[in-house]
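# Structural description and commentary
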Amino acid sequence: QKHTLTHSGTHRTACSRIHPEHSRIRYYHVSHHINMARLVLLCLPAAIAVAAAASPDPWPMFLQSSNHHANSANAGGSVSIPSGELSAAWTYNMSHQISSSPCLIDDVVVAASGCGDDPCAGGDIVALFRDTGKVKWSTPLGTGVAYSSPMPSKDGKLVYIGTDAGKVVALSVATGAVVYSYTAGGNVTATPCISSQDGAVFVGSYDGNMYKLDAELNFVWKSATMGQVWSSATISDDGSMVFFGSVDHGIYAVKTDTGDKAWVQNTTGRIKSPAVYDNGQVLIGNYEDKCLRCLDAATGKEAWRYTAGDFVFSAPAVAGTKMVVLSDTDKFVYGLDRKTGSLVWKTQLPGYVDSSPVIAGDKVVVSCDNDGAGVTGGVLHVLDLATGKILSAFSGMAETESSAAVGHDGIFVGSMDGGVRKIV
């Protein structure tokens with residue numbers, strides 16, 4: 001079912017600010033100076049465009065890219081995270097707890113809430129100005145958002161998200177207005193995956209299907225599994241295949257043009273983790289199998305497997321050709337050799353880890369639970385990528401399953417206390 005909706009939210013335009021020193025132009029009687037000033041003004045747009053192209057924001061979507069590499073280096077920019085004490089620059093409190101992950105779009109951070117007890121209910125999606133934490137817009141969704149995270153459209157004008165009412169919703173990035181909506185046959189806790197080729201939306205549902213919708217959320221096809229699809233899909237570089245897991249224990253490769261299955265790899269455990277595509281291979285965690293598998297994307301053949309200490313609910317972060325970083329519910333974060341899956345380092349955190357680790361430069365950012373019996377310590381941790389050594393931690397929030405979004409201006413993360421925080 002496809003719906004076109006309207007929303008009466010207030011449109012607030014963000015105005016660019018110019019430094020006072022640049023707002024005044026001295027006029028000289030000497031014609032040479034006048035001509036030089038005109039030349040500078042004519043060149044400013046080009047200079048600004050070059051600067052913007054050279055410094056893209058490193059975290060525009062869930063796990064950084066549709067491949068789910070969770071690595072800021074893929075954006076071509078540099079991110080510096082301090083190794084010392086971390087603090088919250090601001091906190092915005094939402095109406096319900098937050099289990100999904102925020103994304104960074106231009107000058108705002110977009111986050112959603114709504115997963116609570118008995119059952120997920122209420123909830124909203126909000127855009128906050130990154131410098132102040134003040135609200136640009138806030139849209140009630142009328143239902144909860146469990147794990148589905150905001151995902152921008154190909155053209156950046158919309159943001160998609162799944163809900164516990166089984167809807168996939170598209171909202172205006174500028175105003176928060178609900179523009180399109182599609183209703184699947186069950187809850188949508190997966191994060192939509194967007195094709196860079198045509199902007200198509202791929203998302204799984206508790207009804208056991210992987211859906212392909214066009215950019216306006218019109219139905220294209222669905223591909224059935226034998227269980228709920230929690231796993232957020234990833235897409236191949238050429239856009240020809242999507243990969244995901246199901247709680248029916250299967251790992252699926254599906255052709256994007258037809259929805260036909262290319263291959264299915266059967267395992268012995270449920271799969272809830274987001275899939276990762278990297279260099280012709282698929283990396284995906286397994287719940288009961290307690291492992292990370294690396295499969296050939298063309299055939300589904302297993303290249304290697306690493307068995308962790310407990311359930312793997314998260315996605316691994318990819319550090320180029322050298323390493324992948326994995327977390328599990330046994331309180332550990334693992335650095336694994338990318339080619340072989342062999343252990344490089346292993347670091348214990350204070351609580352179990354459901355959130356996916358992310359990589360920013362030479363550091364790893366990962367969050368954990370800290371409210372178990374006898375558990376004390378930080379929630380968000382910064383680790384050295386090469387060694388796994390804990391460099392810093394932040395404890396001023398409740399436990400979280402939210403994976404961080406790392407910008408040039410700070411770390412953004414949600415938590416179970418309903419807070420969205422900018423940590424610097």
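Before any of the text, the structure's been laid out above.
None of these values were measured; they are calculated from a predicted model.

Thresholds applied
- Residues numbered from 1 in each chain as written.
- Predicted model: local features only at pLDDT ≥ 70, side-chain atom pairs only at ≥ 80, totals over all residues.
- Heavy atoms only, no water.
- 1 Å grid on protein atoms, 1.4 Å probe; cavity = no way out; pocket = protein on both sides within 12 Å on 5 of 7 lines; lining within 4 Å.
- Points joined across faces, edges and corners; volume = space filled by probe spheres on them.
- Nonpolar A, V, L, I, M, F, W, Y, C, P; charged D, E, K, R; others polar.
- Phe/Tyr/Trp six-rings, centres within 6.5 Å; stacked < 30°, edge-to-face > 60°.
- Helix = DSSP H or I, 4+ residues; strand = E, 2+ residues; numbered from the N terminus.
- Buried < 20%, exposed > 50% of the residue type's maximum accessible area, 1.4 Å probe, protein only.
- Lys NZ or Arg CZ within 6 Å of the ring centre and 35° of its normal.
- Polar contact = N/O pair within 3.5 Å; in protein donor to acceptor, adjacent residues only side chain to side chain.

## Some details on empty space enclosed by the protein
For the coordinates displayed, the defined rule picks out one cavity of 30 Å³ or more. Of the voids in this model, the largest cavity is the one considered here, and its volume is about 220 Å³. Taken together, 20 residues form the lining of the largest cavity, with Phe-62, Tyr-147, Lys-272, Pro-274 and Phe-313 sitting closest to its centre. Of the residues that constitute the lining of the largest cavity, the class distribution is five nonpolar, 12 polar and three charged.

## Some remarks on the layout of surface pockets
There is about 440 Å³ of room inside the largest pocket. Surrounding the largest pocket, 23 residues form its lining, Pro-60, Ile-105, Pro-152, Ser-153 and Gly-156 being those nearest its centre. Tallied by class, the residues present in the lining of the largest pocket amount to nine nonpolar, seven polar and seven charged.

## Some details on the packing of aromatic side chains
Summed over the entire model, instances satisfying the criterion amount to 16 aromatic pairs. Judged by centre distance (5.7 Å) and plane angle (10°), the ring pair of Phe-243 and Tyr-277 falls under stacked. Note that Phe-243 is positioned in strand β16 (residues 241-245) and Tyr-277 in strand β19 (residues 276-278), a separation of 34 residues in sequence. We note that Phe-243, like Tyr-277, is buried. Cluster of aromatic residues (ring-pair linked, three or more members): Tyr-147, Tyr-206, Trp-230, Tyr-287, Phe-311 and Phe-313. Across the ring face of Tyr-287, the terminal group of Lys-272 is positioned such that the distance to the ring centre comes to 4.6 Å.

## Considerations on the environment of His-96
Position of His-96 among the secondary structure elements: in the loop between β2 (88-93) and β3 (103-105). For His-96, a relative accessible area of 29% gives the class partly exposed. Sequence-wise, His-96 and Gly-123 are 27 residues apart; in three dimensions their C-alpha atoms are separated by 6.0 Å. In terms of polar contacts, His-96 uses its side chain to reach the backbone amide nitrogen of Gly-123, at 3.4 Å.

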